[in-house]
Every structure is written in structure tokens, then in C-alpha cells.
Amino acid sequence: MNRAAVAIFLVVLCSGCPKRIEFGPEGELTDADTVYQRVVKNQENVVTLEGDAKLRAELPDQSGTLSMFIAVTRPAMLHLETFDFFNRPLASLVSDGQRFGLYQADTNTWYQGPASPANVSRFLPVMLPGEELVPIMLGQVPLIPPERMTLELDRKKGVYVLTLFRGPATQVLDVHTKYLRVMKSQVRGIPGYDLGFEDFLEQGGLIFPGRVSLEAKQAKTKLQVRYQQIKLNARPDLTLYELVPPEGARVVEVDEAGRELPAGAPASGSSAPLAPGS
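Here the structure is a predicted model, which is why all the values come from computation and not from measurement.

Another point: the overall build of the chain. Counting secondary structure elements, the chain contains 4 helices and 14 strands. Residues counted as buried form 44% of the 278 residues belonging to the chain. Surface accessibility of the chain: about 14800 Å² in total, with carbon and sulfur atoms responsible for 53%.

This is how it looks when you write it as C-alpha cells:
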């Protein structure tokens, strides 16, 4: 048998081999509630993030990649800035959890009002409240409150498959067998979105995904954030979350639905948070 034939034979042979699975210090887990509790605990250890990233957006009418500065602090504080290829500022979003401010450089306009999903989506094309968006950017998955759950070990993919059930809703989670962190989340039975977490890295004893993706199938929208240089759980710079329009910008007040209000009209209060997966 020549070398080419041997190589082909080995590829075929190894393709049928089971994936080597690396478990954590507790070994293989077989109880669904135990895996669920570990996932919840491991998700809660990152509170703040600050640094640089690349944002990839795939929309029905266009796609592209932008550089982005990110600062987020739980539960819902946001500071996001995007830049073009030449590092010129394009837009910035600031939210203290209750109100938001959005600056669009091309029109020199500052929008402000309640930090509702409609207003946050002026910056990112997904209808999510800050209470959901911030945890996602911190590598966390909003979980449906389960009435029951099941657990399987997918040896081919090398992951735990934890499925949560609540009424007509199901949430299927691919869980890393060593880190016990969610790698993929799919919500079905209710309006929702899919999440993916990849390229896990360790920083100061924390396990964190270097890449976060969100796909809203109904909206035909996919977002991916690839972190570059970031700091986790550093003391937050609260000045980043101050809602101050740039000097000389045109200020526009909007309501919860994102509608512009007449000059001098009072803005309505902030919207209530949505349930996970809504």
C-alpha cells in the first residue's frame, strides 16, 4: 500500500473514532440538576468587561465587520463604540440601565430616552433589553426557569446536552464537559434566539469565551463579537456610563418605542425587562 493510500485509510479510520472527552475534576456527571447548578454558578463569576473587539453583523440587506470598544457592567450598564476601517468613530451607545444615549457621528445627533429594547436596537439590530444584552456580552446565557430537565452526553460532539423544559418552551444547551460553561443555546417553542460561545480562554482564574454569537432566525440577523484585548472584573469606570451628549450635537428625545418626542415633551419611563428568550 503506497503512502497516499495509507493516509486515506488513516483518515477514514480516525473519522469513525469517538471524540476524546476531557471532564472536570468531578469526572463525568450524570445528574441534570448538578450540571444545571454548575452552569448557573460558573456564569455568575464575570461581572464587568472592558476592552476591544470586532463586531460582525449579518443582516438581510447588508453585512460587515467593525472595530468596537466595549464596557459592560451587570446588571444592565452599557458603553459601546464602533469605528470604521480608519478608526474613525461611527456611533456610540451609553446606558445606565434605566436610560440610554446614542450618538450618531454622521448626523451629529444624540438620541436619549428610556433604555428599552427598541432604543437599544438603534445601535445593535436585536430587540433585547439591557438586562439580557449585558449578560450575553459577559458570556452568559439567559436560562428559562425549568420545570424539568434532561441530560445526555453526546460523545460524538464531546459535550453534555442539557435540555430545559417549561410549558411549550425548550432550551437545548451544549455544555463544555470540562469548564461546565454553555457553548451553544437554542430556544424553541417561544420567540427566542440562538447563542454560541467559542474560543474559551482563562484570565485571572476565570474561564471566558473569546467569541460570542447571537442569531435571530426570524429576523435573519446574526451578530458575532470576537474579543481581542479585554479586562474582566476590573473596577468599573462609572464615567463611561454617564449620559452626556457631545458638545454641539443635536439632542433628540425619544419614547420607549423609539419615536421622537416634540421638543420639551417629557419622556416616558423605562420599559420592564423581558423574560429570557422573549
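That was the structure; now back to the text.
Take the environment of Leu-232 next. With respect to the secondary-structure elements, Leu-232 resides in strand β13 (residues 221–232). Separated by 181 residues in the primary sequence, Leu-232 and Gly-51 place their C-alpha atoms 8.9 Å from one another. Excluding anything up to four places from it in sequence, Leu-232 contacts Val-46, Thr-48, Leu-49, Gln-203, Leu-206 and Phe-208.

What follows is about the pattern of salt bridges. For the coordinates displayed, the defined rule picks out 12 salt bridges. We note a salt bridge from Glu-253 to Arg-99, for which the minimum N-O separation is 2.7 Å. Of this pair, Glu-253 sits in strand β14 (residues 250–253) while Arg-99 sits in strand β5 (residues 99–104), placing them 154 residues apart in sequence. A salt bridge links Asp-255 to Arg-259; the shortest N-O distance between them is 2.9 Å. Through salt bridges with shared partners, one network takes in Arg-188, Asp-194, Glu-215 and Lys-217.

A separate point is the layout of surface pockets. Space left empty within the atom packing is revealed by a probe, the size of a water molecule, rolled over the atoms. Space inside the largest pocket adds up to approximately 480 Å³. When residues of the lining of the largest pocket are traced back to their parent elements, those giving at least two are β1 (48–58), β2 (63–73), β4 (89–95) and β5. Partitioning the lining of the largest pocket into residue classes produces 12 nonpolar, 5 polar and 2 charged. For the second largest pocket, the lining is made up of 18 residues, of which Gly-192, Tyr-193, Ala-216, Lys-217 and Gln-218 are closest to its centre. Those elements giving two or more residues to the lining of the second largest pocket turn out to be β10 (182–188) and β12 (206–216). At 3 residues, the largest contribution of residues to the lining of the second largest pocket is made by β12. Here the residues of the lining of the second largest pocket sort into 11 nonpolar, 3 polar and 4 charged.

About the thresholds
Residues numbered from 1 in each chain as written. Predicted model: local features only at pLDDT ≥ 70, side-chain atom pairs only at ≥ 80, totals over all residues. Heavy atoms only, no water. Helix = DSSP H or I, 4+ residues; strand = E, 2+ residues; numbered from the N terminus. Buried < 20%, exposed > 50% of the residue type's maximum accessible area, 1.4 Å probe, protein only. Areas by Shrake-Rupley, 256 points an atom, 1.4 Å probe, with all protein chains shown as cover. Contact = heavy atoms within 4.5 Å. Salt bridge = Lys/Arg side-chain N within 4 Å of Asp/Glu carboxyl O. 1 Å grid on protein atoms, 1.4 Å probe; cavity = no way out; pocket = protein on both sides within 12 Å on 5 of 7 lines; lining within 4 Å. Points joined across faces, edges and corners; volume = space filled by probe spheres on them. Nonpolar A, V, L, I, M, F, W, Y, C, P; charged D, E, K, R; others polar.

Shape descriptors only; they carry no functional weight alone.
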